[in-house]
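# Understanding the architecture of this molecule
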Amino acid sequence: MNKFIFILAEGFKNVWRHKSSAVSSIFSIYLMLIVSGSLLIISQNTNKLIEYLRDKYKIEVFFKDGVTEKRVAELVEDFKSINGVNTITVISKKDAERIFKSQFGDDILSILGYNPLPISCVINLKKDWPAKIDIKPIIVNLRKYREVDEVNHQGKLISRIENYYETFLKVMVIIVSISLIISVFIISNTVRLTVLSKKELIKSLQLIGATKWFVKAPFIIEGLVHGLLATILSVYTIIGILNFSKYFIYDLTRFDIFYDKVFIFQVLLSLSLLVGFIGSNRAISRFLK
């Protein structure tokens, strides 16, 4: 118990004794967390927007003349088994006639004397796919049925949206990774200053048989404290900016920004503690070699 208290006390003392270097370390983690937190919120809301757009993805399938409604019902059941298909709405000849009249204001029966409009169906795709939607296999599967006459889809638009989303995720990972690496180096250099100022004490502890982890622990705690303080500051900053701006954004775009305070805190805390541990452990490990 005494060892634990000693290690904890030394860790907090290290932060206080080297306030100026600690401030730079905390500020670097703070900036990294601001970037990571902002990208996290953007990612969550981009995903929400992507799901909204995916809900609008539609594939129209037109059947050949002579295909009965019974056969269409059987085909629709087959279509539902295709990977990526969510719901299917069948449009009968009578439904097509009503749609024609509502859109053009004319009764096709009175013009032609018969209804030439084919039976069709509208396929809605799943919106909660974890990865990029590839519409090509779905179209290929639909076209293999001999009863299908034509398939209309928004392939280019869907592909473009999905590519933008995939690119954004890759860029986000790269930016966060670079920020993490920079923060690790800054913490490592900050803790190294503390290590150098206590090199005589460290040597004395080693001479009396102190284990490596006993020597390392106060410096690791120092790095973790830096991370914890940076997390608190960054979370308050991000939540404050969101609370201030979300109403303006909603008034302008009618888009309600989604964010989970607890989730943001958990993610940022995990990142900061990881960076604090790796940076401080790296600094003391290099000294003890």
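Presented here is an overview of the structure given in this document. Please read these numbers as outputs of a predicted model, since none were measured by experiment.

This next bit is on the nonpolar core. Buried together is how nonpolar side chains tend to be arranged in soluble globular proteins. One finds Ile59, Val61, Phe63, Phe79, Ile123, Leu125 and Leu142 to be the most contacted residues of the largest nonpolar core, which totals 27 residues. Counting residues per element, the ones that place at least two in this core are strand S1 (58-63), helix H3 (69-80), strand S2 (85-91), strand S3 (120-125), helix H6 (136-143), strand S4 (148-153) and helix H7 (155-197). The greatest single-element share of this core, amounting to four residues, is contributed by H3. Not counting residues up to four positions away in its chain, the partners in contact with Ile123 are Tyr57, Lys58, Ile59, Val61, Phe79, Val85, Thr87, Ile88 and Leu142. If you look at the next biggest cluster of nonpolar residues, it comprises 24 residues, including Leu39, Val184, Ile187 and Val235.

With that settled, the discussion passes to the sheet that holds S4. In space, the four strands of this open sheet follow the order S2-S3-S1-S4, with antiparallel pairing throughout. Each having just a single partner strand, S2 and S4 make up the two edges of the open sheet. Averaged over all adjacent pairs, the angle separating strand axes in this sheet is 20°, with direction ignored. Its contacts with the sheet put H3 on S1, S2, S3 and S4, and the angle it makes with S2 is roughly 165°.

Before going further, it helps to spend a moment on the packing of aromatic side chains. Enumeration according to the criterion identifies three aromatic pairs in this entry. Ring centres of Phe27 and Tyr30 lie 6.1 Å apart, and the angle between their planes is 25°; this geometry places the pair in the stacked category. On the criterion of helical spacing, the pair formed by Phe27 and Tyr30 is a turn pair, its members being three residues apart in helix H2 (residues 19-54). With relative accessibility at 48%, the residue Phe27 sits in the partly exposed group. Look at Tyr30 and you get buried, because its relative accessible area is 18%.

The next subject is the environment of Tyr57. Assignment of secondary structure puts Tyr57 in the loop between H2 and S1. On a C-alpha basis, the gap between Tyr57 and Ile123 in space is 8.4 Å, while along the polypeptide they are 66 residues apart.

Criteria and thresholds
Residues numbered from 1 in each chain as written. Predicted model: local features only at pLDDT ≥ 70, side-chain atom pairs only at ≥ 80, totals over all residues. Heavy atoms only, no water. Core = buried A, V, L, I, M, F, W, Y, C linked by side-chain atoms within 4.5 Å. Buried < 20%, exposed > 50% of the residue type's maximum accessible area, 1.4 Å probe, protein only. Helix = DSSP H or I, 4+ residues; strand = E, 2+ residues; numbered from the N terminus. Contact = heavy atoms within 4.5 Å. Pairing = 2+ DSSP bridges. Axes fitted to C-alpha atoms, helices over the stretch in contact; angles between N-to-C directions. Phe/Tyr/Trp six-rings, centres within 6.5 Å; stacked < 30°, edge-to-face > 60°.

Distances and angles like these do not, on their own, reveal function.
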